[in-house]
Amino acid sequence: MHVSEDSVPPKIPSVGNPCFTFYKIIGDLSADTPPVVVVRGGPGAGHEYLLTFAVLWRDYSLPVAFYDRIGCSSSTHLREKAGDRSFWQEQLFQDELNNLLDYLNLRQGPGFHHVR
């Protein structure tokens, strides 16, 4: 099974130190089929409990993209922002997802599906 892992720097102007969003791809994003982007709930848990979606690659040749939201699992933890309600807003996570989609060029080509 083709598996790749890496990270992308999110664009978070209110954070002074470098941070990153971890992602894992099961399958081949260069395939001509739209990948499935798994967007999970939160907070706190990483992508690992959703790895059963990898069968979409095995059974249907649909690449699957997982990621850990900022502050969770293998992505940067921002302990200095703990309890900061003005920071942990829905827009932060929307911006992080949009940054990942752009980084992986998923808005081009066949597009993508999402599961949440």
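This text follows the structure it describes.
Once a new chain begins, its residue numbering starts again from 1 and follows that chain's sequence as written. Where local features are concerned, this predicted model is filtered to residues with pLDDT of at least 70; where side-chain atom pairs are given and counted, the filter is 80 or more; whole-chain, interface and lining totals use all residues. Neither water nor hydrogens contribute to the side-chain values; these are computed over all heavy atoms in the structure.

1. Some details on the nonpolar core
For clarity, the threshold we go by: By nonpolar core is meant a set of buried Ala, Val, Leu, Ile, Met, Phe, Trp, Tyr and Cys residues that side-chain atoms within 4.5 Å join together. Only protein chains enter the calculation, and the probe is 1.4 Å; a residue is then buried if its accessible area is under 20% of its type maximum, exposed if over 50%, and partly exposed in between. Counting from the N terminus, the helices are DSSP H or I runs at least four residues long and the strands are E runs at least two residues long. In what follows, residue pairs with any heavy atoms lying within 4.5 Å of each other are defined as contacts.
With 12 residues, the main nonpolar core is built from V8, Y23, I25, V37, V39, A65, Y67, L97, L100, L101, L104 and L106. At 3 residues, the largest contribution of residues to this core is made by helix α2 (residues 90-103). Setting aside chain neighbours within four positions, we find V37 in contact with A65, L97, L101, L106, F112, H113, H114 and V115.

2. Considerations on the pattern of salt bridges
Our working definition: We define a salt bridge as a contact between a side-chain nitrogen of Lys or Arg and a carboxyl oxygen of Asp or Glu at a distance within 4 Å.
A complete count under the given rule lists 3 salt bridges for this structure. A salt bridge links D59 to R58; its shortest N-O distance comes to 2.8 Å. The exposed category is assigned to R58, whose relative accessible area is 55%. Between R107 and D102 there is a salt bridge; the shortest N-O distance is 2.6 Å. Note on D102: relative accessible area 44%, which makes it partly exposed.

3. Here's the deal with the packing of aromatic side chains
Let me state the cut-off plainly: By convention, a stacked pair of Phe, Tyr or Trp rings (six-membered ring in the case of Trp) has centres within 6.5 Å and planes under 30 degrees apart, an edge-to-face pair has planes over 60 apart, and any other such pair is tilted. As a reminder, the over-ring test applies to NZ of lysine and CZ of arginine, requiring each to be within 6 Å of the ring centre and within 35 degrees of the ring normal.
Counted under the stated rule, the structure contains 3 aromatic pairs. With a centroid separation of 4.9 Å and an interplanar angle of 90°, the aromatic rings of F87 and W88 are classed as edge-to-face. Note on F87: relative accessible area 8%, which makes it buried. Its relative accessible area of 28% is what places W88 among the partly exposed residues. Seen in terms of ring centroids, W88 and F93 are 6.2 Å apart; in terms of plane orientation they differ by 20°. Their pairing is stacked. In textbook terms, an aromatic cluster arises when at least three aromatic residues are bridged by ring pairs, as seen for F87, W88 and F93. The ring of F93 is capped by R69, whose NZ or CZ atom sits 4.9 Å from the centre of that ring.

4. Focus: the environment of D68
Within the element layout of this structure, D68 appears in the loop between β4 (64-67) and α2. Owing to a relative accessible area of 0%, D68 belongs among the buried residues under this scheme. Along the primary structure D68 and L101 are separated by 33 residues, whereas in three dimensions their C-alpha atoms are 13 Å apart. When neighbours within four sequence positions are excluded, D68 is seen to be in contact with T21, F22, G46, H47, S73, S74, S75 and E96.

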